[in-house]
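Observations on chain architecture
Below are the chains, spelled out letter by letter.
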Amino acid sequence: VPHLVVFDESAKLKNSGTQRWEAAKHLVDGMRASYGDEARVLLLSGYPTPLDPCDWWAQAELACPGWLRESSVHHLRRRLAVIEQVQGPDRSYPKLVGWRENEVRLLGERLRGLVYSLRLDDCVDLPQTRFEEVRFPVEPAIQRAAWLAAQTARNALGALNRLRQLSDGFQYAEDGE
């Protein structure tokens with residue numbers, strides 16, 4: 001069991017109950033059972049904070065269980081959401097109208113202690129990105145292979161896929177090998 005786990009693109013872990021979140025939770029629980037306070041969980045994401053405050057619960061439960069003081073996302077939604085009953089053609093159903101602003105603001109303040117947002121302006125010490133183009137002479141055998149791959153494809157998408165496979169340096173057989 002590792003001491004540290006880093007979940008990149010952690011915005012994909014926002015839905016509790018999904019297989020991805022359950023696997024992450026199982027790993028994190030195993031780490032905490034083995035190492036206690038020595039276990040470290042780091043969540044990284046390129047996406048901004050979710051618009052739905054309940055999306056924060058699943059991520060916060062992985063990083064720091066109990067931080068949001070709710071036992072489930074359903075309890076958090078019940079505390080934060082403004083819901084009204086809407087009458088449909090054959091039944092009435094609850095509809096989300098909005099969020100209790102004061103509660104969401106307090107939740108945001110609480111999350112500031114857990115989440116640090118890194119802006120691009122903060123990364124001033126990174127070197128400039130450099131691109132380099134390298135061209136190799138194309139051998140006649142490769143040209144013939146590309147021509148054959150494009151001509152024997154059933155459609156344009158198949159031809160592009162075969163040419164991409166050829167440029168990557170391998171070709172798939174029909175049986176998937």
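Provided above is the structure to which this section pertains.
Keep in mind it's a predicted model, so treat the numbers as computed, not measured.

So, about the overall build of the protein chain. Helix and strand counts for the protein chain stand at 6 helices and 4 strands. When its helices and strands are written in sequence order, the protein chain yields β-α-β-α-α-β-β-α-α-α. Evaluated residue by residue, the protein chain yields a buried proportion of 22% over its 177 residues. With an accessible surface of roughly 14000 Å², the protein chain has 54% of that area assigned to carbon and sulfur atoms.

Residue placement: K25 occurs in helix α1 (residues 19–35). If we skip the residues at most four places from it in the chain, K25 touches E61 and L62.

This brings us to the pattern of salt bridges. The tally for this structure, following the rule as stated, stands at 3 salt bridges. Here E70 makes a salt bridge to R79, at a shortest N to O gap of 2.6 Å. Exposure remark for R79: the relative accessible area of 31% places this residue in the partly exposed category. As a salt-bridge pair, R79 and E103 come within 3.0 Å of each other at their nearest N and O atoms. Of this pair, R79 sits in helix α3 (residues 73–80) while E103 sits in helix α4 (residues 101–112); the two residues are 24 residues apart in sequence, bridging distant segments of the chain. One network of salt bridges, with partners in common, ties together E70, R79 and E103.

Attention now moves to the nonpolar core. Counting residues in each nonpolar core, the largest one holds 22 residues, and the members touching the most others are F7, W57 and L68. Put simply, the parts of the chain that give this core at least two residues each are β1 (4–7), α1, α2 (55–63), α3 and α4. If you tally residues by element for this core, the top one is α2, at 5 residues. Contacts of L68, omitting those with residues within four sequence positions, involve W56, W57, A60, L76, R79, L107, R110 and L111.

Take the side chain of E70 next. Positionally, E70 belongs in the loop between α2 and α3. Judged by relative accessible area, E70 falls into the buried class, the value being 19%. Within polar-contact distance, the side chain of E70 engages the side chain of R79 at 2.6 Å. With residues near it in sequence (within four places) discarded, E70 still touches W57, E61, H75, L76 and R79.

The next point concerns the pairing of strand β2 (residues 40–43). Pairing analysis gives 4 bridges linking β1 to β2, with the strands arranged parallel. When the sheet's bridge partners are listed, L4 is paired in β2 with R40. Tracing the backbone out of β1, into α1 and back to the parallel element β2 gives a crossover that is right-handed.

Definitions and limits used
- Within each chain, residue numbers correspond to sequence positions counted from 1 in written order.
- Only residues with pLDDT of 70 or above have their local features reported here, since the model is predicted, and side-chain atom pairs are shown and tallied only from 80 upward, although totals for entire chains, interfaces and linings are computed over all residues.
- By convention in this description, side-chain values take in all heavy atoms of the structure and omit both hydrogens and water.
- Helix and strand labels come from DSSP, where a helix needs a run of H or I of at least four residues and a strand needs a run of E of at least two; each type is numbered from the N terminus.
- Residue burial is assigned from relative accessible area. The probe radius is 1.4 Å, only protein chains are included, and a residue is buried under 20% of its type maximum, exposed over 50%, and partly exposed in between.
- For the accessible areas, the method is Shrake-Rupley and the probe is 1.4 Å, while residue cover comes only from the protein chains on display.
- The contact definition used throughout considers only heavy atoms, calling two residues in contact when any of these lie within 4.5 Å.
- For this analysis, a salt bridge means a side-chain nitrogen from Lys or Arg found within 4 Å of a carboxyl oxygen belonging to Asp or Glu.
- Buried Ala, Val, Leu, Ile, Met, Phe, Trp, Tyr and Cys residues form a nonpolar core when they are joined through side-chain atoms within 4.5 Å.
- Counting of polar contacts relies on pairs of N or O atoms within 3.5 Å, with two restrictions inside protein: one atom must be capable of donating a hydrogen and the other of accepting it, and residues adjacent in sequence are counted only when both atoms are side-chain atoms.
- Paired strands, in this sense, are two strands between which DSSP finds at least two bridges.
- When the strands point away from the viewer, a crossover counts as right-handed if the route from the first strand across the helix to the second turns clockwise.

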